[in-house]
Amino acid sequence: MTLLSFFSQENSPEFIMFSVQHGIVIGVIILFVLGLYVGRHRIRRNRIVASAIRYGLVVVLALTEIGLNTWYFANDLWDVRYTLPLELCSVTLILSIIMLLTRSNKLYQILYFAGIAGAFQALITPALAYGYPHFRYFEYFIAHGAIVLSPLYMTWIEQHRPTWKSIGWSLLFLNALALVVGTVNYLLGSNYMFLNHKPDTASALDLLGPYPYYLLAEEGVALLFFVGMYTLFFILPAKRKNRLASESIYNSKGVDS
């Protein structure tokens, strides 16, 4: 494969959802997530390594967004109706950069839910036409993988924690963003965030009914997903930790007696 074909929009390999090329890249992202989790204690103790990961994520996020827009311009594809950074993952990518640079807890409270959930959906059902080994294939999955990793870094390394209120703030953020983007769509005749119709490729939205009902269904799905994320990764582990602590205290009292 030549460098020209790597970036060319013509005769590019087709992306096939749930294919081997899809499964492998998802597996690689999962390995990065597991690596960050398993190594969280060592990384936390070594601030040089922690800073390298934090700034590394910033660089990756920035380069993928710059690279994407450069590719749009180089192929004469940049169009205000289609390529503004107004998709949910584009917005959370930019906010993730700010969050990592400033260590903003306020942004973390939103991005833990809206960023991870949005990028997760995009990774499972990509709106992507270019397959391996095209530039867009690498850019797409690297960008969305880094969006997922950014709030996880803030959770496991910087030790930020969301709350029940974070779910409300995330939903408020999504609705406020939809209002702004919807206004832009009305003015430009665009379809950012798929507010006017579903994507042309298969997606999770296909399960939520026709327009405009899928927009309402998204609200419920987002709420359930956020509650599930918070319960699975924070509430249940906290209860287990408290139970183990109680059993330890009970056992120690039994030994003393």
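Everything below is about the structure printed above this text.
Residues numbered from 1 in each chain as written. Predicted model: local features only at pLDDT ≥ 70, side-chain atom pairs only at ≥ 80, totals over all residues. Heavy atoms only, no water.

A closer look at the pattern of salt bridges
Close approach of charged atoms allows side chains with opposite charge to pair.
Part 1 of the reasoning: Applying the stated criterion across every chain yields a total of four salt bridges.
Part 2 of the reasoning: In this structure, Arg 81 and Asp 79 form a salt bridge, with 3.1 Å as the shortest nitrogen-oxygen distance.
Part 3 of the reasoning: With relative accessibility at 34%, the residue Arg 81 sits in the partly exposed group.
Part 4 of the reasoning: Ionic pairing is found between Arg 136 and Glu 139, a salt bridge with its closest N-O pair at 2.4 Å. With Arg 136 and Glu 139 both in helix 7 (residues 135–156) and three residues apart, this pair spans about one turn of that helix. The residues Arg 136 and Glu 139 share a single accessibility class, namely buried.
Part 5 of the reasoning: Three or more residues are tied together by salt bridges with common partners; here these are Arg 47, Arg 103 and Glu 158. (Salt bridge = Lys/Arg side-chain N within 4 Å of Asp/Glu carboxyl O. Buried < 20%, exposed > 50% of the residue type's maximum accessible area, 1.4 Å probe, protein only. Helix = DSSP H or I, 4+ residues; strand = E, 2+ residues; numbered from the N terminus.)

Focus on the layout of surface pockets
To find leftover empty space, a probe the size of one water molecule is rolled over the atoms.
Part 1 of the reasoning: By volume, the second largest pocket is sized at about 920 Å³.
Part 2 of the reasoning: Lining the second largest pocket are 29 residues, and of these Tyr 37, Tyr 112, Leu 152, Trp 156 and Phe 233 lie nearest its centre.
Part 3 of the reasoning: Broken down by secondary-structure element, the contributors of at least two residues to the lining of the second largest pocket are helix 2 (20–38), helix 3 (40–45), helix 6 (105–124), helix 7 and helix 9 (213–256).
Part 4 of the reasoning: Counting residues per element, the lining of the second largest pocket draws most heavily on helix 9, which supplies nine residues. (1 Å grid on protein atoms, 1.4 Å probe; cavity = no way out; pocket = protein on both sides within 12 Å on 5 of 7 lines; lining within 4 Å. Points joined across faces, edges and corners; volume = space filled by probe spheres on them.)

Let's talk about the packing of helix 2 against helix 7
Part 1 of the reasoning: Taken N-terminus to C-terminus, the directions of helix 2 and helix 7 make an angle of 20°; their axes are 10 Å apart at the nearest point. The pairing of helix 2 with helix 7 is recorded here as roughly parallel in orientation. Judged by the twist between their axes, the crossing of helix 2 over helix 7 is right-handed. Residue-level contacts link Gln 21, His 22, Val 25, Ile 29, Phe 32, Val 33, Leu 36 and Tyr 37 of helix 2 to Tyr 137, Phe 141, Gly 145, Val 148, Leu 149, Leu 152, Tyr 153 and Trp 156 of helix 7.
Part 2 of the reasoning: Considered class by class, the residues forming the contact of helix 2 with helix 7 number 13 nonpolar, three polar and no charged. (Axes fitted to C-alpha atoms, helices over the stretch in contact; angles between N-to-C directions. Parallel < 35°, antiparallel > 145°, perpendicular 65-115°, else oblique. Left-handed = near helix turned anticlockwise from the far one by under 90°. Contact = heavy atoms within 4.5 Å. Nonpolar A, V, L, I, M, F, W, Y, C, P; charged D, E, K, R; others polar.)

These figures capture arrangement, not role.
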